[in-house]
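Chain residues, written in single-letter form:
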Amino acid sequence: MNSVPATPTPIRILIVDDHPVVRDGLRGVLERDPEFTVTGEAGDGAEAVELYASAPADVVLMDLRMPRMGGVEAIKRLLGQDPDARILVLTTYDTDSDVMGALAAGATGYLLKDTPREELTRAVRSAAAGQSVLSPAVTGRVLGQVRKPTRGPLSERELEVLRLIADGATNRQAAAALFISQATVKTHLLHVYEKLGVKDRAAAVSEAHKRHLFG
């Protein structure tokens, strides 16, 4: 007797968005594929947390800006409730603060609402498998943030470079004094500008004096 292959269990999806038309559209797109089943819809983060408690989903499709409770807070609540929750942000917003806030809260991935259907379904499958998913535009923003020096105290070498500049040294002179290349001096200065929130040498020196960084 030949055994009949077991039918794969559909991926359960909870859609969270404050616009009913968007929820309807997403349900239509996803349920066209027998691999997915939409088990619930929520109009805000608070409702999503309540629904998930009674009927956990394999993937939560989460909008960010909603009344009562936004997406970032809902992500934190859901992960507090279930550390293994897979939450895929689907939003129109792609600012650095939105992207980094959602990922820092624990989102599995971040997509924009103009994502093509094929890419969306592929992302849901990946999220269900526990894989991180980022749209190309969001990937660029994340990499930009990672590569950007964090604002904070200047390093000892950055202070040395800035002190020499404040005393009137050129990049060449600062490089010679510290036995480093001019390119390294320029890199240190760019980090100084970023950390101090300024755009040029004069402003950096002025800001350093205001903060009493030279002692």
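Check the entry above for the structure.
All of the points below concern the structure found in this document. Being a predicted model, the structure only gives us computed values, none of them experimental.

**Description of the environment of Pro83**
Moving on, step 1. Tracing the backbone shows Pro83 in the loop between helix H3 (71-81) and strand S4 (87-91).
Moving on, step 2. Separated by 23 residues in sequence, Pro83 and Gly106 place their C-alpha atoms 9.3 Å apart.

**Comments concerning the side chain of Glu158**
Moving on, step 1. If you trace the backbone, Glu158 turns up in helix H7 (residues 156-166).
Moving on, step 2. Residue classification places Glu158 among the buried residues on the basis of a relative accessible area of 5%.
Moving on, step 3. Sequence-distant contacts of Glu158, that is, excluding residues within four places in its chain, are made with His188, His191, Val192 and Lys195.

**Description of the pattern of salt bridges**
Moving on, step 1. For the structure on display, the rule yields 14 salt bridges.
Moving on, step 2. Between Arg23 and Glu41 there is a salt bridge, with its nearest N and O atoms 3.2 Å apart. Here Glu41 lies in strand S2 (residues 36-42) and Arg23 lies in helix H1 (residues 20-30), a separation of 18 residues in the sequence.
Moving on, step 3. When its relative accessible area of 22% is taken as the criterion, Glu41 is described as partly exposed.
Moving on, step 4. The partner of Asp98 in a salt bridge is Arg65, and the shortest N-O contact between them spans 2.6 Å. Of the two residues, Asp98 sits in helix H4 (residues 96-105) while Arg65 sits in the loop between strand S3 (59-62) and H3, which places them 33 residues apart along the sequence.
Moving on, step 5. The exposure class of Asp98 is buried, given its relative accessible area of 11%.
Moving on, step 6. Since its relative accessible area comes to 42%, Arg65 is described here as partly exposed.

Scoring rules and cut-offs
Residues numbered from 1 in each chain as written. Predicted model: local features only at pLDDT ≥ 70, side-chain atom pairs only at ≥ 80, totals over all residues. Heavy atoms only, no water. Helix = DSSP H or I, 4+ residues; strand = E, 2+ residues; numbered from the N terminus. Buried < 20%, exposed > 50% of the residue type's maximum accessible area, 1.4 Å probe, protein only. Contact = heavy atoms within 4.5 Å. Salt bridge = Lys/Arg side-chain N within 4 Å of Asp/Glu carboxyl O.

Limitation: the analysis is restricted to geometry and does not speak to function.
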